[in-house]
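# Remarks on the overall topology
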There are 2 protein chains.
Amino acid sequence: MGRIESVQNKQVKEWKKLLTKKGRKKQNKYLIEGLHLVEEAVRAGIEIEHILIREDKLDQYTIKVDQEPENLIIISESVSESLSDSVTEQGIFAVIAQKEEENAIHGNKPVLMLDQVQDPGNLGTLIRTADAAGFEAVIIGEGSVDLYNPKALRSAQGSHFHLPVIHSDLKKWISQFKEKSIPVYGTALDERAVSYHSVEPEQQFALIVGNEGNGVSDELLKETTANLYIPIKGQAESLNVAIAASILMFSLHQ
Amino acid sequence: MGRIESVQNKQVKEWKKLLTKKGRKKQNKYLIEGLHLVEEAVRAGIEIEHILIREDKLDQYTIKVDQEPENLIIISESVSESLSDSVTEQGIFAVIAQKEEENAIHGNKPVLMLDQVQDPGNLGTLIRTADAAGFEAVIIGEGSVDLYNPKALRSAQGSHFHLPVIHSDLKKWISQFKEKSIPVYGTALDERAVSYHSVEPEQQFALIVGNEGNGVSDELLKETTANLYIPIKGQAESLNVAIAASILMFSLHQ
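Scoring rules and cut-offs
Residues numbered from 1 in each chain as written. Chains lettered and ligands numbered in written order. Predicted model: local features only at pLDDT ≥ 70, side-chain atom pairs only at ≥ 80, totals over all residues. Heavy atoms only, no water. Buried < 20%, exposed > 50% of the residue type's maximum accessible area, 1.4 Å probe, protein only. Helix = DSSP H or I, 4+ residues; strand = E, 2+ residues; numbered from the N terminus. Contact = heavy atoms within 4.5 Å. Buried area = accessible area lost by both parts, 1.4 Å probe. Salt bridge = Lys/Arg side-chain N within 4 Å of Asp/Glu carboxyl O. Pairing = 2+ DSSP bridges. Axes fitted to C-alpha atoms, helices over the stretch in contact; angles between N-to-C directions. UniProt positions renumbered as here; feature names shortened; annotations may be inferred. Right-handed = clockwise from strand over helix to strand, strands pointing away. Parallel < 35°, antiparallel > 145°, perpendicular 65-115°, else oblique. Core = buried A, V, L, I, M, F, W, Y, C linked by side-chain atoms within 4.5 Å. Domains from an automatic or database assignment. Polar contact = N/O pair within 3.5 Å; in protein donor to acceptor, adjacent residues only side chain to side chain.

As a further point, take helix α3 (residues 35–43) of chain A. Since the α-helix advances by 3.6 residues per turn, residues separated by three or four positions end up pointing in the same direction. By the burial criterion, the buried members of α3(A) are Leu35(A), Leu37(A), Val38(A), Glu40(A) and Ala41(A). On its buried face, α3(A) sits against β2 (29–33), β3 (48–54), α4 (58–65), β5 (92–97) and α7 (150–156) of chain A.

Here it is in structure tokens:
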């Protein structure tokens, strides 16, 4: 069991870089924070490089996360604060390798695809809701915020340990699903779209939702089997992307 | 057209207090920020006490909000910054009296009731989605974050100008709806609840959703016509309250 006191420690400096996209990309790792997320990772059997626990929380947390002692590192309060992205720092973190299970995605169950979703809270909520709706996987396209963003991970509440979440080229996946005769639904607000009520619930389909301001890009909407919209009854101009996707996921999945 | 340069100005100090719940309660007013919200207020015909515009934005904004000159106040950059709750301050605000249209709520269309919702983003999103789902009104119970919280207003995106949103006693309203034979649905995760699929879509009902951690209070669940849950297919433990409410609102409203 290691012990790190100083924020000047070389390893702490490397971990701190995992709070940025650039640092994560370079190290191919990410950091999760908080007891709930670390417990979810342990429960899911994810390979964990290190679990970091603040010294005053050691007794309380060690029992709950049940790790080999060599994986545990005790950290000081100042190190814990320096690694935290949260306003309610809990004093527990895990360092995990980024592994994306591209080959686990077959379209046997519905798949959610995200085109240029910008808000990390939306991204995380979308993953959590796809999990709850029994989806097979989530595919994050280029130009979206990434799964490993601390706020996205917080909103996902560990659901990325439950189903494959990958970063990939959406066009490639649209082609693959269509080749397998799996319908691919875009979402749009104009004459290119039909009401989601006109589609029967199914066991296999892919659903694409898009950017908070601009929706799904034209380039992708042209490639879909059909594009859907949610009829708005009141005077609201639109729905939040995570809300719209959730209504569609629960309504379309048989 | 008035002009205020100094953050020490007495009126600016009063407006700044509207960023806190205490200040809003004392003055019975609230502040909205950003062009979209101010435009929505003007479009809805809401009585506006003052519109404040940063001096460099005067020409750009004045045309869009079309007000009597005596309602307009030009403010300096420092005043604008001091009143802003947003990271992307736009230099336009409006001061509005709090008026709650309790008598406009009859239950002719569905009504959403919020029990101890804590997160202002959730509260605002719930109001926006109730608007989009064609609901008649939103009733916010005691112990919830209030509508006039700047973050809640931002997430509601002006929907509180489209339908009555009031702060009131939920128990009183449950009784009133039941007296009119309008079904009142609570939401719960345990044996007190039935799947929402077992309820037919209707034109009149009330739906209660609750606190992010604890759900709807036992006290209210005992008073409802029935309590509903959303079956979870994956491994997610629960849904975000705004997501769950949205799925129910769109599914239950005929």
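After that view of the structure, there is still more to cover.
Contact residues are listed per partner, giving 31 residues for chain A and 31 residues for chain B. Across the chain A/chain B interface, buried area totals approximately 2,300 Å², and carbon plus sulfur atoms make up 58% of it. Considering only the surface of chain A that becomes buried against chain B, Arg128(A), Lys233(A) and Phe250(A) emerge as the three largest contributors, covering 24% of it. In this assembly, chain A and chain B are joined by one salt bridge. The shortest N-O distance in the salt bridge between Glu237(B) and Arg43(A) comes to 4.0 Å. Looking at the side of chain A that touches chain B, the elements with two or more residues in it are α3, α6 (120–132) and α10 (241–252) of chain A.

The next thing to look at is the pattern of salt bridges. Enumeration over the complete set of coordinates arrives at 29 salt bridges over all chains. Glu49(A) is the salt-bridge partner of Lys29(A), the closest N and O atoms lying 2.9 Å from each other. Placement of the pair is Lys29(A) in strand β2 and Glu49(A) in strand β3, with a sequence separation of 20 residues. Given a relative accessible area of 29%, Glu49(A) falls into the partly exposed group. One salt bridge connects Lys172(B) with Glu102(B), and the closest N-O pair in it is separated by 2.7 Å. Here Glu102(B) lies in the loop between β5 (92–97) and β6 (111–114) and Lys172(B) lies in helix α8 (residues 170–179), a separation of 70 residues in the sequence.

What follows deals with the sheet that holds strand β9 (residues 184–187) of chain A. Residues and elements named next belong to chain A. Taken together, seven strands build an open sheet; the order of strands is β8-β7-β6-β11-β9-β12-β10 and the sheet is parallel. Lying at the two open borders of the sheet, with one neighbouring strand each, are β8 (165–167) and β10 (194–195). Two elements, strand β6 (residues 111–114) and strand β7 (residues 137–140), share four bridges in a ladder whose sense is parallel. Considered in β7, the bridge of Val111 is made with Ala137. This element, α6, spans β6, β7, β8 and β11 (206–209) of the sheet and lies at about 170° to β6. Contacting β6, β9, β11 and β12 (226–229), α10 crosses the sheet at an angle of about 165° to β11.

Once that is clear, we can look at the UniProt feature "domain: RNA 2-O ribose methyltransferase substrate binding" (unreviewed entry) in chain A. UniProt feature "domain: RNA 2-O ribose methyltransferase substrate binding" (unreviewed entry): in the numbering of this structure it lies at residues 31–102 of chain A. The distance from the first to the last C-alpha atom of residues 31–102 of chain A is 21 Å, and the span holds 33% helix and 28% strand.

Our focus in this paragraph is the pairing of β3(A). Residues and elements named next belong to chain A. Within β3, six of the seven residues are buried, which leaves it mostly tucked inside the rest of the structure. Of the strand pairs in this sheet, β3 and β5 are connected by five bridges, and their pairing is antiparallel. Paired with Leu52 across the bridge in β5 is Phe93. Of the strand pairs in this sheet, β3 and strand β4 (residues 72–75) are connected by four bridges, and their pairing is parallel. If you follow Leu52 over to β4, its bridge partner there is Ile73. Tracing the backbone out of β3, into α4 and back to the parallel element β4 gives a crossover that is right-handed.

All names here are of chain B. Axis separation between helix α6 (residues 120–132) and helix α10 (residues 241–252) bottoms out at 9 Å; the angle between their running directions is 10°. Classified by the angle between their axes, α6 and α10 sit roughly parallel to one another. In this structure, α6 contributes Asn122, Thr125, Leu126, Thr129, Ala130 and Ala132 to the contact, and α10 contributes Val241, Ala242, Ala245, Ser246, Met249 and Phe250.

Below, the discussion takes up the pairing of strand β11 (residues 206–209) of chain B. It is a general feature of regular strands that their side chains alternate between the two faces of the sheet. Residues and elements named next belong to chain B. Burial of β11 is two-sided: the residues Ala206 and Ile208 facing one way and the residues Leu207 and Val209 facing the other way are all buried. Across four bridges, β6 lies against β11 in parallel orientation. The residue of β11 that forms the bridge with Val111 is Ala206. Where strand β9 (residues 184–187) meets β11, two bridges bridge the pair, whose relative direction is parallel. Note on β11: the bridge partner recorded for Val184 is Ala206.

The next subject is the nonpolar core. Core analysis: the largest hydrophobic core is formed by 116 residues, its most contacted members being Ile32(A), Leu112(A), Ile32(B) and Leu112(B). Ile32(A) has contacts with Leu37(A), Val38(A), Ala41(A), Ile92(A), Phe93(A), Ala94(A), Ile96(A), Leu153(A) and Phe161(A), leaving out every residue within four places of it along the chain.

Okay, the domain arrangement of chain A next. In many analyses, interface size is given as the accessible surface area lost on bringing the parts together. All names here are of chain A. Here chain A is partitioned into domain 1 (2–97) and domain 2 (102–252). In this structure, domain 1 and domain 2 have C-alpha centres spaced 31 Å apart. Contacts between the two partners involve 15 residues from domain 1, matched on the other side by 13 residues from domain 2. When the two sides are added together, the surface that domain 1 and domain 2 hide from each other amounts to roughly 1,200 Å², 60% of it contributed by carbon and sulfur. Linking domain 1 with domain 2 are two salt bridges, by the criterion used here. The partner of Asp85 in a salt bridge is Arg154, with the nearest N and O atoms 3.3 Å apart. The interface formed by domain 1 and domain 2 includes six residue pairs in polar contact (both at pLDDT 80 or more). At the level of secondary structure, the elements contributing two or more residues to the side of domain 1 that touches domain 2 comprise α2 (21–27), β2 and α3.

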